[in-house]
4 protein chains.
Amino acid sequence: MKRIIASGLVLLSVAYIAKAQQIVQKPSNDKITPDMTEVWDPEVRIVQPGIKDSDAPSDAIVLFNGTDVNKEWEDSKGEPTKWLIQDGALVCVKGSGIIKTKRKFGSCQLHIEWKTPSEVQGDSQGRGNSGVFLQEQYEVQVLDSYNNRTYRHGQAGSLYKQHAPLVNASRKPGEWQAYDIIYTAPVFGSDSITYLVPPKVTVFHNGVLIQNNVSLRGPTVYIGVPEYFVKKHGPGSLFLQDHGNPVAYRNIWIREL
Amino acid sequence: MKRIIASGLVLLSVAYIAKAQQIVQKPSNDKITPDMTEVWDPEVRIVQPGIKDSDAPSDAIVLFNGTDVNKEWEDSKGEPTKWLIQDGALVCVKGSGIIKTKRKFGSCQLHIEWKTPSEVQGDSQGRGNSGVFLQEQYEVQVLDSYNNRTYRHGQAGSLYKQHAPLVNASRKPGEWQAYDIIYTAPVFGSDSITYLVPPKVTVFHNGVLIQNNVSLRGPTVYIGVPEYFVKKHGPGSLFLQDHGNPVAYRNIWIREL
Amino acid sequence: MKRIIASGLVLLSVAYIAKAQQIVQKPSNDKITPDMTEVWDPEVRIVQPGIKDSDAPSDAIVLFNGTDVNKEWEDSKGEPTKWLIQDGALVCVKGSGIIKTKRKFGSCQLHIEWKTPSEVQGDSQGRGNSGVFLQEQYEVQVLDSYNNRTYRHGQAGSLYKQHAPLVNASRKPGEWQAYDIIYTAPVFGSDSITYLVPPKVTVFHNGVLIQNNVSLRGPTVYIGVPEYFVKKHGPGSLFLQDHGNPVAYRNIWIREL
Amino acid sequence: MKRIIASGLVLLSVAYIAKAQQIVQKPSNDKITPDMTEVWDPEVRIVQPGIKDSDAPSDAIVLFNGTDVNKEWEDSKGEPTKWLIQDGALVCVKGSGIIKTKRKFGSCQLHIEWKTPSEVQGDSQGRGNSGVFLQEQYEVQVLDSYNNRTYRHGQAGSLYKQHAPLVNASRKPGEWQAYDIIYTAPVFGSDSITYLVPPKVTVFHNGVLIQNNVSLRGPTVYIGVPEYFVKKHGPGSLFLQDHGNPVAYRNIWIREL
């Protein structure tokens, strides 16, 4: 509801909204005018969006664009990775270990596309398994979850062993899939081991909301119960996991929030 | 981090993660095994994503697909709208008033595409102005904000007069733009006029995060200060606003959360 | 910062604050005056606080005031409880089972005082164990945690097996202790088994903040991992647990939020 | 629900809870035992609570205990304040300006007691007006709101001009009142002017919950609309306001969270 222009019908629309809202509040002051609650400065920063919504916008850091992996990534020892570039995609090579970004990130928006092998092998956690670790700690599971039953909070789009996805929006193996992630880094309490504000994650899988600002209770663990304490950490690398399957990645970009 | 398979290198990777995390917690029990923290039931519901991420997934209600407006929408009086379908888009006709969905919604994921006229007329709030009202109350502003300065919290992607977008990710007039919205409906307190939990909104504009789970302080108002009270409301229609400009809409779908 | 009265020194104070805040925002409109952002109606409801802060305010439901247990409480079968009233306190009788309120509650503020036996017997979970269940599901642990080591998230003030208290603010056995609790009930998603908004709990133990608006991941469980799903539930009774120890309660009141 | 001891009746109680919860989840693994989800380390830090719940616990910083104001406080210029100590209370002297703590704080639990003059003078904002500023920015209003109508979000316990208290739990003028406050400091986005996580405040007034983890939309302002941006700030002093009335304070303590 904005400018009340010289149109009876638009004014009607304004009145309609007001009626629908059934606002209890009585206007406290008749003299207040619409312009008085406008705030003009500072101007909102301009970002050029991508041609497609999945393309990197102008303020994103492009972490992989199809050609060079060594600029932004390294292996766990800080050496060049053995992961391969094939057909413009970055493919995990079994046994080569994780890759991690040279840059460190805290809260961020992350876009990442991935594909599990079209030739299906194994089942449950053994099929098309990899993962995206936020801030070195918190895993968004990558898995071939198309006709592949596993435990709820271990399937694609789960926050591994903490939150199952709301729905299973998986594409078939061999098809590209996308995660759009909003990550809010934790704030630690003065004891340096508990979260004052826990890490929070939102995930869209192929355009479908599967995690809605959920709180994590601690770093991802494979055995046992994650707990709300960990040694206080600041920004961290993004990790992509080597889980022994040739999962491919492409079009990875990140915006710091 | 999942199955520890028979690969020394993957185990290395596991160890690396553990070291990086510097978890303070000592394992409380050596006998716990990974399978003990798996939860298999109920199976996560399967949703078929769209061909493109912007296409409606299988569990979405398609509110407009290019042909029929009267199935899901009506005008403010419950009559057929005078808005027009042109080239597969639904176009606002000045003076015809809002359109609203026949169905009512609470918390939801909403995808909606919109386009302001390629022939630029007017400025500030007078250029390509419309709006998406959630639950009949809370407006996500639609505006031509490309080279069109206005007040911060009145530009495209603002939660009108409450939250400016984090960045201005507008495309040029005449180009299609998209909002992907996560909306969490408010919970009212026992007094029926205050929010126990305020409404919260996340918005991506053309793939760029511009509202990050922000809390609203009340229904959208044009004059004065929104306040944290309104007569308790349940699910409501989605409104598209007639602000006197021929803004076009297409590909509108919603998923109830 | 409120009325700018005719006092140079108070004006100085106003200026000081403005400087300290270093607000980026330029005033958008010089004509706005302080009264224009005042909201007078509806008047805020008046509540008479207790004589002491721990006494029931005028809008509280008094659940136990030292004399009558049968008005507000019953056992798990809906029969009169075998718990005893001794010296104005309500004391758990081993083997008599839980007691629960006849009324059901959702979001609430709860004040409850409790005392473990002055004669110490047992250790860890075996000493002065009881518990307060919110909405029949979510336990705030009651335990003699004074010089009595147990697992972190099982001690007094823990949200049992989900959140350890931030600190251990226990008084000695035989001394009265207090919990002041803010509980926000969960909102369920459209699937009726996942939380759209998880239950949240804040607890003060003897005046010390020990749980700060933490999210629960599911109902309290003794064995296994709580998960973010449970059959959708509405308001529920408050339970006090019989864990076999003669824990005493007094001055229990609740305010619906 | 904890140790399953050798008591049929307690086991009954356990079963009762399980039934009440109607948990959908099937146990994923029969071999998991209760001890496997116990976490024992690190031990929760011990804090000695006060004799009364309003007394400072052992880990609090006592900001005023009735005798010395100059140890912890100073005026806006860093000089000794002209506020007076009378009968163990710290009393505002009109025209002397704010007092602020020498230490700076971020997230905290704050206990503070205050009293407005028993001899009533003035009305609305002119009666017994002072205020507690958190992190130099965010005011919890202090006012004589007993039989003294003013605007909703300007009365005692309001977050000034942002959130009215849920109820008016004021005591009479001349009587001591208490605020128990939980404050979570904001997290700023990478632009250094918007909140990634807004400041949040919970307030009990005389033991009654009046603000329930509400989000602030910006620093407190007297004129105009607070906005979600301010120059990024870190920890800040606590301010007590001189609004020209001889409001008294006592028993002020704070715990860093």
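As the structure is a prediction and not an experimental result, all values here were calculated from the model. (Residues numbered from 1 in each chain as written. Chains lettered and ligands numbered in written order. Predicted model: local features only at pLDDT ≥ 70, side-chain atom pairs only at ≥ 80, totals over all residues. Heavy atoms only, no water.)

**Observations regarding the overall build of chain A**
Helix and strand content of chain A: one helix and 15 strands. Buried residues in chain A amount to 65% of all 257 residues. Intrachain contacts of chain A at a sequence separation of at least 6 include 64% that bridge at least 24 residues. Of the roughly 9,100 Å² of accessible surface on chain A, a fraction of 50% belongs to carbon and sulfur atoms. (Helix = DSSP H or I, 4+ residues; strand = E, 2+ residues; numbered from the N terminus. Buried < 20%, exposed > 50% of the residue type's maximum accessible area, 1.4 Å probe, protein only. Contact = heavy atoms within 4.5 Å. Areas by Shrake-Rupley, 256 points an atom, 1.4 Å probe, with all protein chains shown as cover.)

**Focus on the pairing of strand β15 (residues 248-256) of chain B**
Residue and element names in this part refer to chain B. Note: strand β1 (residues 61-64) against β15, three bridges, orientation antiparallel. Within the sheet, the bridge partner assigned to Val62 lies in β15 and is Trp253. In this sheet, β15 lies alongside strand β4 (residues 89-91) in antiparallel orientation, the contact comprising two bridges. Each bridged residue has a counterpart across the sheet, and for Leu90 the counterpart in β15 is Tyr249. In this sheet, β15 lies alongside strand β6 (residues 108-115) in antiparallel orientation, the contact comprising seven bridges. Bridge pairing links Lys115 to Ala248 in β15. (Pairing = 2+ DSSP bridges.)

**Comments concerning the relation of the copies chain D and chain A**
For the pair chain D and chain A, the superposition axis carries a translation of 0.0 Å, the fit reaches an RMSD of 0.0 Å, and the rotation angle comes to 180 degrees. Given the turn and translation reported, the copies of this chain are related as if by a two-fold rotation axis. Closest approach to the rotation axis among the C-alpha atoms of chain D is made by Val187(D), whose C-alpha sits 4.2 Å away. Looking at the interface residues of chain D, 100% of them are also at the interface in chain A, so both copies use one shared face. (Least-squares fit on C-alpha atoms with pLDDT ≥ 70 in both.)

**Remarks on the environment of Pro49(D)**
Take Pro49(D): it is sitting in the loop between α1 (8-21) and β1 (61-64). Pro49(D) sits in the buried class, given a relative accessible area of 5%. Spatially, the C-alpha atom of Pro49(D) lies 25 Å from that of Lys200(D), the residues being 151 residues apart in sequence. Excluding residues that lie within four positions of it along the chain, Pro49(D) makes contacts with Ala169(C), Ser170(C), Arg171(C), Asn206(C), Val208(C) and Pro57(D).

**Structural notes on the packing of aromatic side chains**
Evaluated as defined, the whole model comprises 30 aromatic pairs over all chains. Each residue in the set Trp40(A), Tyr151(B) and Tyr160(B) is aromatic and connected to the rest through ring pairs, giving one cluster. (Phe/Tyr/Trp six-rings, centres within 6.5 Å; stacked < 30°, edge-to-face > 60°.)

**Section: the environment of Pro226(C)**
With respect to the helices and strands, the residue Pro226(C) is situated in the loop between β13 (208-215) and β14 (239-240). Residue Pro226(C) is classed as buried on the basis of its relative accessible area of 5%. Discounting residues that sit within four places of it in the chain, Pro226(C) has contacts with Arg217(A), Gln162(C), Arg217(C), Gly218(C), Pro219(C) and Val221(C).

**Describing the environment of Glu72(B)**
All names here are of chain B. Relative to the helices and strands, Glu72 is located in the loop between β1 and β2 (73-75). Each C-alpha atom, one on Glu72 and one on Lys102, is 5.5 Å from the other, the two residues being 30 residues apart in sequence. Ignoring anything within four residues of it in the chain, the contact list for Glu72 reads Ile61, Val62, Leu63, Lys100, Thr101, Lys102 and Arg103.

**Here's the deal with the interface of chain D and chain A**
Each partner contributes residues to the interface: chain D has 17 residues there, and chain A has 17 residues. Surface buried jointly by chain D and chain A totals about 1,300 Å² across both partners, of which 80% is contributed by carbon and sulfur atoms. On the surface where chain D and chain A come into contact, there are zero salt bridges. When its residues are assigned to classes, the side of chain D that touches chain A shows nine nonpolar, five polar and three charged. (Buried area = accessible area lost by both parts, 1.4 Å probe. Salt bridge = Lys/Arg side-chain N within 4 Å of Asp/Glu carboxyl O. Nonpolar A, V, L, I, M, F, W, Y, C, P; charged D, E, K, R; others polar.)

**What about the interface of chain A and chain B?**
Contact with chain A, which involves 99 residues of that partner, is made by 99 residues of chain B. Summed over both partners, the interface of chain A with chain B comes to about 9,000 Å²; 59% of that surface belongs to carbon and sulfur atoms. Asp53(A) serves as the salt-bridge partner of Arg171(B), at 2.9 Å between the closest nitrogen and oxygen. Here chain A is connected to chain B by 28 residue pairs in polar contact (both at pLDDT 80 or more). (Polar contact = N/O pair within 3.5 Å; in protein donor to acceptor, adjacent residues only side chain to side chain.)

**Considering the sheet that holds strand β8 (residues 138-142) of chain C**
Residue and element names in this part refer to chain C. Strand order in the open sheet formed by five strands is β2-β5-β14-β7-β8, and the pairing between neighbours is antiparallel. Sheet topology places β2 (73-75) and β8 at the edges, where each strand pairs with a single neighbour. Pairing analysis gives two bridges linking strand β5 (residues 99-101) to β14, with the strands arranged antiparallel. Opposite Lys100, over in β14, you have Phe239 as the bridge partner.

**Observations concerning the side chain of Gln141(A)**
Residues and elements named next belong to chain A. Its location among the elements puts Gln141 in strand β8 (residues 138-142). Among the polar contacts listed, one links the side chain of Gln141 to the side chain of Gln125, at a separation of 3.0 Å. Within polar-contact distance, the side chain of Gln141 engages the backbone oxygen of Gly154 at 3.0 Å.

**Digging into the pattern of salt bridges**
Think of it this way: side chains of opposite charge can pair up when their charged atoms draw near. Evaluated as defined, the whole model comprises 41 salt bridges over all chains. Of the charged contacts in the structure, one is a salt bridge between Asp41(A) and Arg149(B), with a shortest N-O distance of 3.1 Å. Of this pair, Asp41(A) sits in the loop between α1 (8-21) and β1 (61-64) while Arg149(B) sits in the loop between β8 (138-142) and β9 (177-184), each in a different chain.

**Quick look at the sheet that holds strand β2 (residues 73-75) of chain A**
Residue and element names in this part refer to chain A. Within the open sheet, the five strands sit side by side as β2-β5-β14-β7-β8. Their pairing is antiparallel. Two strands bound the open sheet, and with one partner strand each, they are β2 and β8. Where strand β7 (residues 130-134) and strand β14 (residues 239-240) come together, two bridges link them in antiparallel fashion. In the sheet register, Val132 faces β14, and the bridge partner there is Leu240.

**A few points about unusual backbone geometry**
Residue and element names in this part refer to chain A. Of note, the bond from Asp41 into Pro42 is cis; its omega dihedral lies within 30 degrees of zero at -5 degrees. Checked against the element boundaries, Pro42 lands in the loop between α1 and β1. The backbone of Asn147 sits at a positive phi, close to 50 degrees, despite the residue not being glycine. Mapping Asn147 onto the fold places it in the loop between β8 and β9 (177-184).

**Looking at the pairing of strand β13 (residues 208-215) of chain B**
Residues in a regular strand point their side chains to alternate faces of the sheet. All names here are of chain B. Counted residue by residue, β13 has seven buried out of eight residues, so it is predominantly covered. Summarising the sheet, strand β12 (residues 200-205) and β13 pair through five bridges and their orientation is antiparallel. If you follow Lys200 over to β13, its bridge partner there is Ser215. The antiparallel hairpin formed by β12 and β13 contains two residues in its connecting segment, where Asn206 sits at a positive phi of about 55 degrees.

**Focus on the confidence of the model for chain A**
All names here are of chain A. Looking at chain A, the pLDDT average stands at 89 and 88% of residues meet or exceed 70. Counting interchain partners and residues more than four positions distant, the pLDDT-below-50 stretch residues 1-27 has 64 contacts. The ipTM assigned to the predicted complex is 0.91, against a pTM of 0.92. (pLDDT = per-residue confidence, 0-100.)

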